[in-house]
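Spelled out from the first residue to the last, the chains are:
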Amino acid sequence: MVLFTEHIYRSSDKKMTTDVIYVDAEKAFDKPKFERIQQELKDAKIDGKLLNLIMFLLVNRKFLVKINGKLSSQTEADSGVGQGSVLGPIIFIILLSKLSRLLNNIDGIIHFIFADDLKLVYTYFIKDYDQSIMQNALATVSDWCSNESMAVAAHKTFHVQFGTPNPQAIYSLNNSEIQRKDMTRDLGFFIRNDGSISQHLNVITRNVNRKMFSILKKITIKDPKMLIYIYNTYIRPNYEYGSQIFNVQKKKYTDQLEGNQRLNP
């Protein structure tokens, strides 16, 4: 995230345009077939007992469905890496390594991957704009997903443009125009296309206020050490998460962040 935001700010300072496509794959963690997972793990030099253990954890999974209080019969899973598990995102990153190599071969495109979150980034001067560069990257992603029994969700994939505006930058996926947005939530951060973090700070302070109200309503203890412990456990992480990428340039933002903390232990 630090590398991504730094790229955006540096490009904007140079009066360049940066088109970012946030790609969403439908049920990405559920779709990869076990055979493909095993082959990709072998290609990543994972073999022997470790490979057998990973495949045992993936293959020997069962599930059922509950509707209106009634349970279906139990069925064995034949695909997927287990969303919500510790191992799942790691395996998915390995699966995406081939796609990453394909995208590295497209001139003008850089990409960022975290688990199943993929960003395609195309930075240019207006005079050098070439729509086919980003379209080529989108086609590569779509083809790869199809080969891996996955599909790109066009209605959940969107475009955010940073820097110098370029209204000609219109992209499509599966014959549908990709929706453009002014703001996005990226790995827990709310980022506007002008680089502003005001919305993200609003979310932080709102969450802190809600948590503090709940804590102060339920806890009557007066021990300063315990109050500080509670603050460091439930409140402080809200302020510190991703603070490395904050670019607080205005005093009002500083006051907004520090205001609530002055009221806290």
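Residues numbered from 1 in each chain as written. Predicted model: local features only at pLDDT ≥ 70, side-chain atom pairs only at ≥ 80, totals over all residues. Heavy atoms only, no water.

By the naming in an unreviewed UniProt entry, the protein chain is Reverse transcriptase domain-containing protein, taken from Panagrolaimus superbus.

### Describing the packing of aromatic side chains
What counts is decided by this rule: Aromatic pairing here means that ring centres of Phe, Tyr or Trp (its six-membered ring) are within 6.5 Å. Orientation follows from the plane angle: under 30 degrees is stacked, over 60 is edge-to-face, and everything else is tilted. The numbering of helices and of strands both runs from the N terminus, where a helix is a DSSP run of H or I of at least 4 residues and a strand a run of E of at least 2. Think of it in three bands: with a 1.4 Å probe and only protein chains considered, a residue is buried below 20% of the maximum accessible area for its type, exposed above 50%, and partly exposed in between.
Across all of its chains, the model carries 6 aromatic pairs by this definition. With centroids separated by 5.2 Å and ring planes inclined at 20 degrees, the aromatic side chains of Tyr-22 and Phe-158 adopt a geometry described as stacked. Here Phe-158 lies in strand E8 (residues 158–163) and Tyr-22 lies in strand E1 (residues 17–23), a separation of 136 residues in the sequence. You can call Tyr-22 buried: its relative accessible area is 8%.

### So, a nonpolar patch on the surface
Applied cut-off: A residue counts toward a patch only above 30% relative accessible area and without a salt bridge, and it is joined to like-charged neighbours within 9 Å or, for Val, Leu, Ile, Met, Phe, Trp and Tyr, to nonpolar neighbours within 5 Å. Working definition of accessibility: Shrake-Rupley area with a 1.4 Å probe, residue cover restricted to the visible protein chains. Here a salt bridge means any side-chain nitrogen of Lys or Arg lying within 4 Å of a carboxyl oxygen belonging to Asp or Glu.
On the surface, Leu-50, Leu-53, Phe-56 and Leu-57 cluster together into a nonpolar patch covering about 410 Å² of accessible area. Counting through the fold element by element, Leu-50 comes out in helix H3 (residues 48–59). Exposure remark for Leu-50: the relative accessible area of 48% places this residue in the partly exposed category.

### Quick word on the pattern of salt bridges
Under the definition given, this model contains 4 salt bridges. Arg-10 is the partner of Glu-6 in a salt bridge, and the nearest nitrogen-oxygen pair spans 2.9 Å. Placement of both Glu-6 and Arg-10 in helix H1 (residues 2–13) is noted, with a separation of 4 residues, approximately one turn of the helix. Overall, Arg-10 belongs to the exposed group, its relative accessible area being 52%. Of the charged contacts in the structure, one is a salt bridge between Asp-186 and Lys-119, with a shortest N-O distance of 3.2 Å. Here Lys-119 lies in strand E7 (residues 117–124) and Asp-186 lies in strand E12 (residues 183–186), a separation of 67 residues in the sequence.

### Regarding the side chain of Asn-166
In plain terms, the rule: Throughout, a contact is declared for two residues whenever any of their heavy atoms are within 4.5 Å.
Inspection of the secondary structure assignment puts Asn-166 in the loop between E8 and strand E9 (172–173). The class for Asn-166 is buried, based on a relative accessible area of 5%. Beyond its immediate sequence surroundings of up to four residues, Asn-166 is in contact with Thr-17, Tyr-124, Ile-126, Tyr-129, Gln-161 and Arg-180.

### Let's talk about the environment of Met-1
Tracing the backbone through its elements, the reader meets Met-1 in the segment before H1. For Met-1, a relative accessible area of 24% corresponds to the partly exposed category. Here the alpha-carbon distance between Met-1 and Phe-112, two residues 111 residues apart in the chain, equals 8.5 Å. With near-sequence residues (within four places) excluded, Met-1 lies in contact with Asp-186, Leu-187, Phe-189, Ile-191 and Ile-245.

### Quick notes on the nonpolar core
Rules: Definition used in this section: a nonpolar core is a set of buried Ala, Val, Leu, Ile, Met, Phe, Trp, Tyr and Cys residues joined via side-chain atoms within 4.5 Å.
By size, the foremost hydrophobic cluster in this structure holds 39 residues, and its most contacted members are Ile-37, Leu-120 and Val-141. At the level of secondary structure, the elements contributing two or more residues to this core comprise E1, helix H2 (34–43), H3, helix H4 (87–95), helix H5 (97–104), E7 and helix H6 (131–147). A total of 7 residues in this core trace back to one element, the largest contributor, which is H6. Setting aside chain neighbours within four positions, we find Leu-120 in contact with Asp-19, Val-20, Ile-21, Val-23, Leu-103, Ile-110, His-111, Met-134, Ala-137, Leu-138 and Val-141.

### Here's the deal with the sheet that holds E8
Sheet strands pair by backbone hydrogen bonding; their relative direction is either parallel or antiparallel. The line we're drawing: Pairing between strands is defined by DSSP: at least two bridges between the two strands are required. To get an axis, a line is fitted to the C-alpha atoms, and for a helix only the part in contact is used. The angle between two axes follows their N-to-C directions and goes from 0 to 180 degrees.
Taken together, the 5 strands give an open sheet; going across it, the order is E6-E7-E1-E8-E11, and neighbouring strands pair in mixed fashion. On the outer flanks of this sheet lie strand E6 (109–114) and strand E11 (179–181), each paired with one strand and no other. Each strand axis lies, on average, 25 degrees off the axis of its neighbour in the sheet, ignoring direction. Bridging between E1 and E7 involves 7 bridges; their strand directions are antiparallel. Note that in E7 the partner of Thr-18 across the bridge is Thr-123. On the sheet, H5 packs against E6 and E7 and is oriented at approximately 165 degrees with respect to E6.

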